[in-house]
Amino acid sequence: MRVLWAGMMAEPDFSGRRYCEARVWSFFNRFSDDFSEYVPYAKGIEKDAKPMPLWIIPNKAVSLQDLRDAMRDHYEGTPFALDSDIGGGLFEMPYRVSPLSFKLDGKEYFNERPISTFQTAWSFISQMRASMPREVGACFWFGNDDGNMVAYTPMYSAITCVPKCFSGEGADDITFSMDNAFWVCNWVSNMVYPRYSMMFPSLKAVRDSLDASYDRLQPEIEAKALALATPEERIVMLTDYSCKKGDEMIARWKKLAYHLIVKYNDMVVRPENEDGTFKRNQYGGGARVQRPGYPERYARELIKQTGTDLLVPAK
């Protein structure tokens, strides 16, 4: 059944299994005690490998955070992990450049395609709870970029309008707008990708802080909505809440963009105070910057290729 179903999405040949089914494997693997028997199928090399089931019963209750983590997956800790070679570049990004395959010396090679990929325009998590009135129980957690690079913002399904940042107003795929979440989020992520290991912790801190704030607010907001007398009143309230969260998200992402360009300008790292402001020296300017240099693995590969060409002569 799995092969028939997969065939409707992508032929289960090497590319269909390695580029598509491997992502499904990684998702299922998170919620299974042992999914290793399906690795040969996901790798796409063995033609007669045992196919995956069409679905699985999770080995635990699946939380919203579990699904956020799954949407941000890069095959970490699996046979498909992207941290074992230099394909991620100097700053070890868990992504690979497109296209999915490339040719060298007459042979064709491929890049892994994890769940979280920079080519994602948007993704979402649907939270559907039949125990609540429909205008409250269905929440659409939306991110307007690669799931790893955004906070999933709550948009209740009954809302009658969307935040301006998600509306598409004043922007398209070749028109940048500071009021548009797709462009602001891509602006930030495209600063981070090339210097991933250096810059991603700053993005992650903001992303996780927003996620946590939404989680804290959700019970309170929904309790208030449920206390209202009519569905129409609930819809008005949840529309207002969702639009406010969208506005707050893009405002926080703009602030993050400004912070990143100052903190990491010209390959350095500017030191911060505990409140996130930048430290200053005794003269009022910025404090002495840190220069992280090469990650050790990259430095070793560089010296392996250059030999003694870059060796500083002994004194």
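Preceding this paragraph is the structure being described.
Notes on the structure in this doc start here. Predicted, not measured: the structure shown is a model, and the values here were computed from it. (Residues numbered from 1 in each chain as written. Predicted model: local features only at pLDDT ≥ 70, side-chain atom pairs only at ≥ 80, totals over all residues. Heavy atoms only, no water.)

## Comments concerning the pairing of strand S1 (residues 101–104)
So, point 1. Of the strand pairs in this sheet, S1 and strand S2 (residues 107–110) are connected by 4 bridges, and their pairing is antiparallel. The partner of Phe 102 across the bridge, within S2, is Tyr 109.
So, point 2. Between S1 and S2, which follow one another and run antiparallel, lie 2 residues, and Asp 105 among them has a positive phi close to 55 degrees. (Pairing = 2+ DSSP bridges. Helix = DSSP H or I, 4+ residues; strand = E, 2+ residues; numbered from the N terminus.)

## Some remarks on the nonpolar core
So, point 1. With 46 residues, the main nonpolar core has Met 149, Val 192, Leu 203, Met 249, Trp 253 and Leu 260 as its most contacted residues.
So, point 2. Sorting the residues of this core by element identifies helix H4 (64–71), strand S4 (138–143), strand S5 (153–156), helix H6 (164–167), helix H7 (181–192), helix H8 (196–227) and helix H9 (231–263) as the ones contributing at least two each.
So, point 3. Considering every element that reaches this core, the biggest residue donor is H8, with 10 residues.
So, point 4. If you look at the next biggest cluster of nonpolar residues, it comprises 12 residues, including Trp 25, Tyr 38, Val 39 and Phe 80. (Core = buried A, V, L, I, M, F, W, Y, C linked by side-chain atoms within 4.5 Å. Buried < 20%, exposed > 50% of the residue type's maximum accessible area, 1.4 Å probe, protein only.)

## Some points on the pattern of salt bridges
So, point 1. Tallied over the full model, the rule gives 20 salt bridges.
So, point 2. Salt-bridge contacts for Arg 234 lead to Glu 135; the nearest nitrogen and oxygen are separated by 2.7 Å. With Arg 234 in helix H9 and Glu 135 in helix H5 (residues 134–137), this pair connects stretches of sequence that are 99 residues apart. There is no split in this pair, since Arg 234 and Glu 135 are both buried.
So, point 3. A salt bridge links Arg 300 to Glu 296; the nearest nitrogen and oxygen atoms lie 2.9 Å apart. Linking Arg 300 with Glu 296, this pair stays in helix H10 (residues 296–306), spanning 4 residues, or about one helical turn. In this pair, the class of Arg 300 matches that of Glu 296, namely exposed. (Salt bridge = Lys/Arg side-chain N within 4 Å of Asp/Glu carboxyl O.)

## Focus: the packing of aromatic side chains
So, point 1. The tally for this structure, following the rule as stated, stands at 25 aromatic pairs.
So, point 2. Seen from their ring centres, Phe 14 and Tyr 19 are 6.3 Å apart, and the 70 degrees between their planes marks the pair as edge-to-face.
So, point 3. A relative accessible area of 29% places Phe 14 in the partly exposed class.
So, point 4. A ring pair is formed by Phe 140 and Phe 142, whose centres lie 5.9 Å apart and whose planes are at 20 degrees; its orientation type is stacked.
So, point 5. Exposure remark for Phe 140: the relative accessible area of 29% places this residue in the partly exposed category.
So, point 6. Since its relative accessible area comes to 13%, Phe 142 is described here as buried.
So, point 7. These aromatic residues form a ring-pair network of at least three members: Tyr 95, Phe 118, Tyr 193, Tyr 196 and Phe 200. (Phe/Tyr/Trp six-rings, centres within 6.5 Å; stacked < 30°, edge-to-face > 60°.)

## Here's the deal with helix H2 (residues 14–30)
So, point 1. Over its 17 residues, H2 runs 23 Å from end to end, which matches the ideal 24 Å to within 8%, given 1.5 Å per residue.
So, point 2. At Glu 21, H2 shows its maximal bend, which comes to roughly 40 degrees.
So, point 3. Taken residue by residue, H2 has Gly 16, Arg 17, Arg 18, Tyr 19, Glu 21, Ala 22, Arg 23, Trp 25, Ser 26 and Phe 28 as its buried positions. (Expected span 1.5 Å × (residues − 1). Bend = angle between axes of the 7 residues up to and from the residue.)

## Here's the deal with the sheet that holds S5
So, point 1. Taken in spatial order, the 3 strands line up as S3-S4-S5 in an open sheet, and their pairing is antiparallel. Here the strands that pair on one side only, and so sit at the sheet edges, are strand S3 (123–128) and S5. Within the sheet, the average angular offset between the axes of one strand and its neighbour, ignoring direction, is 25 degrees.
So, point 2. Sheet topology note: the S3/S4 ladder contains 6 bridges and is antiparallel. Bridge pairing in S4 places Gln 127 opposite Cys 139.
So, point 3. In the packing of H4 onto the sheet, the strands contacted are S3 and S4, and the crossing angle to S3 comes to about 160 degrees. (Axes fitted to C-alpha atoms, helices over the stretch in contact; angles between N-to-C directions. Contact = heavy atoms within 4.5 Å.)

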